[in-house]
Amino acid sequence: NSFVTRTNTCGELRSAHVGQEVTLYGWIQYQRQGLFLILRDFQGLTQIVIPQDEAHSHVKKLLSNATVESVVRVTGIVIPRPPGQENPKMPTGDVEVKAETAEILNSCKKLPFEIKDFIKKSEALRMQYRYLDLRSSQLQRNLRLRSQLVMRMRDYLCNLHGFVDVETPTLFKRTPGGAKEFLVPSREAGKFYSLPQSPQQFKQLLMIGGLDRYFQVARCYRDEGSRPDRQPEFTQIDIEMSFVDQAGIQRLIEGLLKYSWPEERGSITTPFPSMTYEEALANYGTDKPDTRFGMKIVDVSDFFRRSDIQFVQNALSYPCGTVKAICIPQGMRYLKNKDLESLKESAKSQFNQEIMPIICKPDGSLKSLLTKFLGEKQQSELMQVLNMQVDDVVMLAAGEHKQVCSALGSLRLESADLLEAVGLVLRDPTAFHFLWVVDFPLFLPKEENPTELESAHHPFTAPHPSDTSLLYSDPTKVRSQHYDLVLNGNEVGGGSIRIHSAEQQRFVLEKVLKEDSEVLSHLLEALEFGAPPHGGIALGLDRLISLIVDAPSIRDVIAFPKSFRGRDLMGNAPDYVTPEELEPYHIQVSWPLTEKEAKKN
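Throughout this description, residue numbers start from 1 for each chain and increase along the sequence as written. Since the coordinates come from a predicted model, pLDDT governs what is reported: local features require at least 70, and pairs of side-chain atoms require 80 or more to be given and counted, while whole-chain, interface and lining totals use all residues. Remark: hydrogens and water are excluded; side-chain values derive from all non-hydrogen atoms of the structure.

Novice: Is there a simple way to think about the sheet that holds strand 15 (residues 366-367) in this case?
Specialist: Sheets are built from strands paired through backbone hydrogen bonds, the pairs being either parallel or antiparallel. Two strands qualify as a pair provided that DSSP identifies no fewer than 2 bridges between them. Think of it this way: any DSSP run of H or I at least four residues long counts as a helix, any run of E at least two long counts as a strand, and we number them from the N terminus. A sheet is described by the order of its strands in space; here five strands give the open sequence 12-13-16-14-15, paired in antiparallel fashion. Each edge of the sheet is formed by a strand with only one pairing partner; in this case those strands are strand 12 (298-299) and strand 15. Note on contacts: a residue pair is in contact if any heavy atoms of the two residues lie within 4.5 Å. Each axis is a line fitted through C-alpha atoms, taken for helices only over the stretch in contact, and angles between the N-to-C directions span 0 to 180 degrees. Strand contacts of helix 9 (residues 310-317): strand 13 (321-328), strand 14 (356-360) and strand 16 (393-400), with the helix running at about 120 degrees to strand 13, the strand carrying the most contacts.

Shown next, in the form of structure tokens:
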């Protein structure tokens, strides 16, 4: 309570304080029949006894008439609660404060919603009145835990391991590839800054500058639609090191997370397990597998190669043709026919992938359109391959490897959602399963033009040492030194060892990615002045915190987030500016807006 006029907070009074005069400040949580009120501040709750005697009638009138969420000062004596009236659910539940004097510092008008965690409020309303929503105990806990975690990270990196905290510019220039960037107009006609999607180039330049170890709690920007785990502006724990390899970065991050992990969330075990990109895709259908539960993808191609089923043989005859399946344990007991149809429809609409269900009936026989093509012995062998039990449901897919795996990976998660909706617990929210995913491809075909390549991570990622020669002969086969950190099926970090040769960097940009290297001339030139081997990683702080506190969205761990559409509903941003304000930037808005633009606004 240094620097402030209170003697105590509302969360710290105990039996040891009985008899003391205290001064408390806070918000009125609720008031009961002019007899008691609950005062709340950032640390907790204290019960205030409203005096009933004539000598304190003005205090009684003041506190009895005060509205909920008004800010008050109360001075009084700490007394024990009457026997039997203690509240074991409140840390301050053994005592109360008998008010002697009080002052309303600011009264509160009618609230748009009650400030209680259990009261349902629309997200739009919460964001419009974010300053009120911040008073909820859940958001208070989330933001305080976030602050503590970041402080521990700073201590580990700067004090224990010699990292230098460097602030990098927010106004920069466009970076080739990656996400779309926000543009900021300048007073030079036709010239714009870009808000960086990460401090990637700057942290590499810091290594060239000899800083050796860099760290920053970095603000980053991406001009893309919001999703539950994305925001147009977000925060990264950004790290770069010189003279390091992939294993070194991984050990650093494991140590960082172990050191900063909140005690109340239990301990985490290091080292984290590791899995290649190909293994993740083959077993889980995604590059960010949730390893808290089973239902892994099973390859049954060898079994079906021995069958005479024409459509399966057709699928296997294609390059990268495969037959794979997932088994939903006890699926028939918990899932309805409409659920199975919904899963089939999902695979069809999202991945253009047909799915064939196989059900193990109570008598141990199989029910499926496939059974007419399979004899009893083959059916028995298929059950063994898939490890099927009575009431299990298998979802079978045949086709191109990546498409089949992606479809089954999605169905695996959707099936888990359906099973959990009826009461089963597959993914323990208190369990934290970290996983490194490594050996990603360096390049992927562009979706809009598969004959062209784009970086799987970013254009500064170095090729795997074993694949360097392939970079010049067959870049599609090159693995990268890119690594992702996954937690419970969510990517919480990504990094790589960087290209430190100007020649190799120029080749990747110009010959492989067909990018204009002139945009990066400053970086290419810097690489020619004795650039050390270096690598790094960025942890998504918002996403990491949301998983630690089991929040449904990263918006629940950010003080002032943007809405799903990237708007600030409290301040109504973005907003219009006048033509006069735009004039120095040589910009004109085309009026009137089209019907589509008008609807958006």
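Novice: Where do I start with a nonpolar patch on the surface in this structure?
Specialist: Together, Y131, F560 and M570 give the surface a local cluster of nonpolar side chains, amounting to about 310 Å² of exposed area. For Y131, the position within the fold is in helix 3 (residues 130-133). Like charges are joined within 9 Å and nonpolar side chains (Val, Leu, Ile, Met, Phe, Trp, Tyr) within 5 Å, but only among residues with over 30% relative accessible area and no salt bridge; these make up the patches. In these tables, accessible area is a Shrake-Rupley quantity obtained with a 1.4 Å probe, and a residue counts as shielded only by the protein chains included in the view. By convention in these notes, a salt bridge is any Lys or Arg side-chain nitrogen within 4 Å of a carboxyl oxygen on Asp or Glu.

Novice: Would you mind showing me how to read unusual backbone geometry here?
Specialist: Trans is the prevailing form of peptide bonds, just as negative phi is the prevailing case for residues other than glycine. The omega angle of the peptide bond from T270 to P271 is 0 degrees, so this bond is cis rather than trans. Mapped onto the elements, P271 comes out in the loop between helix 6 (246-260) and strand 11 (274-276). P574 follows A573 through a cis peptide bond whose omega is 0 degrees. Tracing the backbone through its elements, the reader meets P574 in the loop between helix 17 (541-548) and helix 18 (579-582). Here the phi dihedral of F3 falls at roughly 75 degrees; this positive angle occurs in a residue that is not glycine. Within the secondary structure layout, F3 lies in the segment before strand 1 (21-32). Only protein chains enter the calculation, and the probe is 1.4 Å; a residue is then buried if its accessible area is under 20% of its type maximum, exposed if over 50%, and partly exposed in between. Residue F3 is classed as exposed on the basis of its relative accessible area, which comes to 88%.

Novice: I tried to follow the pattern of salt bridges on my own but got confused; where do I start?
Specialist: Close approach of charged atoms allows side chains with opposite charge to pair. Across all of its chains, the model carries 30 salt bridges by this definition. The residue R126 makes a salt bridge to D556 at a minimum N-O spacing of 2.9 Å. Residue R126 is found in helix 2 (residues 123-128), and its partner D556 is found in the loop between helix 17 and helix 18; the two are separated by 430 residues along the sequence. Residue class for D556 comes out buried when judged on its relative accessible area of 9%. Here R427 and D417 are joined by a salt bridge, their closest N and O atoms 2.6 Å apart. Of this pair, R427 sits in the loop between helix 13 (401-421) and strand 17 (434-438) while D417 sits in helix 13, and the two are 10 residues apart along the sequence. By relative accessible area, R427 is classed as buried at 15%. Shared partners join several salt bridges into a network, and the residues in it are R126, R130, D133 and D556.

Novice: Just checking my understanding: could you explain the sheet that holds strand 5 (residues 95-106) for this structure?
Specialist: Spatially, 1-2-3-5-4 is the arrangement adopted by the five strands of the closed barrel, whose pairing is mixed. Taking the axes of each pair of neighbouring strands and ignoring which way they run, one obtains an average angle of 55 degrees across the sheet. Direction of pairing for strand 2 (residues 36-41) relative to strand 3 (residues 44-49): antiparallel, over a ladder of six bridges. The residue of strand 3 that forms the bridge with D41 is G44. Helix 1 (residues 57-65) rests against strand 1, strand 2 and strand 5 of the sheet, and its axis sits at about 75 degrees to strand 5.

Novice: I would appreciate a short explanation of the nonpolar core in the present structure.
Specialist: One recurring pattern in soluble globular proteins is that nonpolar side chains are buried together. Nonpolar core, defined: a set of buried Ala, Val, Leu, Ile, Met, Phe, Trp, Tyr and Cys residues in which side-chain atoms within 4.5 Å join the residues together. Within the largest apolar cluster, 41 residues are counted, with the highest numbers of intra-cluster contacts made by I239, I253, L257, F434, L485 and L539. Where this core is concerned, the elements lending two or more residues are helix 4 (137-160), strand 10 (233-242), helix 6, strand 17, strand 20 (482-487), strand 21 (490-497), strand 22 (534-540) and helix 17. Considering each element in turn, this core owes the most residues, six residues, to helix 4. Excluding residues that lie within four positions of it along the chain, I253 makes contacts with I239, W436, L485, I537 and L539.

Novice: Looking at this structure, I do not really get the domain arrangement of the chain. What am I missing?
Specialist: Where interface size is quoted, it is often the accessible area lost as the parts come together. Segmentation of the chain into domains, including their bounds, is taken from an automatic or database domain assignment. Along its sequence, the chain is carved into domain 1 (15-106), domain 2 (141-275 + 434-556) and domain 3 (293-422). Put simply, the middle of domain 2 and the middle of domain 3, counted by C-alpha atoms, are 37 Å apart.

Novice: Honestly, the environment of C108 in this entry has me stumped. Any pointers?
Specialist: One can find C108 in the loop between strand 5 and helix 2. Judged by relative accessible area, which is 16%, C108 ranks as buried. Taking the C-alpha atoms as reference points, C108 and T286, separated by 178 residues in sequence, lie 50 Å from one another. Those residues in contact with C108 that sit more than four places away from it in its chain are T67, V68, E69 and S70.

Novice: Quick question: what am I supposed to make of helix 6 here?
Specialist: By this rule, a helix spans an expected 1.5 Å times one less than how many residues it contains. Over its 15 residues, helix 6 runs 21 Å from end to end, which matches the ideal 21 Å to within 8%, given 1.5 Å per residue. Along helix 6, the residues that are buried comprise Q246, G248, I249, Q250, L252, I253, E254, G255, L256, L257 and S260.

Novice: Just checking my understanding: could you explain the packing of helix 4 against helix 17 for this structure?
Specialist: Remark: helix 4 packs on helix 17, axes separated minimally by 11 Å, with the N-to-C direction vectors making an angle of 120 degrees. As the angle between them shows, helix 4 and helix 17 are arranged oblique. As for the relative orientation of helix 4 and helix 17, their crossing is right-handed in sense. Where helix 4 approaches helix 17, its residues N142, L145, R146, L149, V150 and M153 are matched on the opposing element by L541, D542, L544, I545 and I548. Classifying every residue of the contact of helix 4 with helix 17 gives eight nonpolar, one polar and two charged. Each angle gets one of four labels, with under 35 degrees taken as roughly parallel, over 145 as roughly antiparallel, 65 to 115 as roughly perpendicular, and the rest as oblique. Each crossing gets its handedness from the near helix: less than a right angle anticlockwise from the far helix is left-handed, clockwise is right-handed. We call Asp, Glu, Lys and Arg charged. Ala, Val, Leu, Ile, Met, Phe, Trp, Tyr, Cys and Pro are nonpolar, and the rest, Gly among them, are polar.

Novice: Which parts of the structure should I look at to understand the packing of aromatic side chains?
Specialist: Any pair of aromatic rings gets described here by the distance separating the centres and the angle formed by the planes. Here a pair means two rings of Phe, Tyr or Trp (six-membered ring of Trp) with centres within 6.5 Å. Their orientation is stacked below 30 degrees between planes, edge-to-face above 60, and tilted elsewhere. Counted by the stated rule, this structure contains 10 aromatic pairs. With a centroid separation of 5.0 Å and 85 degrees between ring planes, the pair formed by F303 and F304 is classed as edge-to-face. When its relative accessible area of 6% is taken as the criterion, F303 is described as buried. Under the relative-accessibility criterion, F304 is labelled buried at 0%. A connected cluster of aromatic rings, assembled from ring pairs, spans W261, F272, F432 and F434. Sitting over a ring, as applied to charges here, requires NZ of Lys or CZ of Arg to be within 6 Å of the ring centre and within 35 degrees of the ring normal. The ring of Y259 has R152 lying over it, and the distance from NZ or CZ to the ring centre is 4.1 Å. Sitting over the ring of F293, R412 keeps its end group 3.8 Å from the ring centre.

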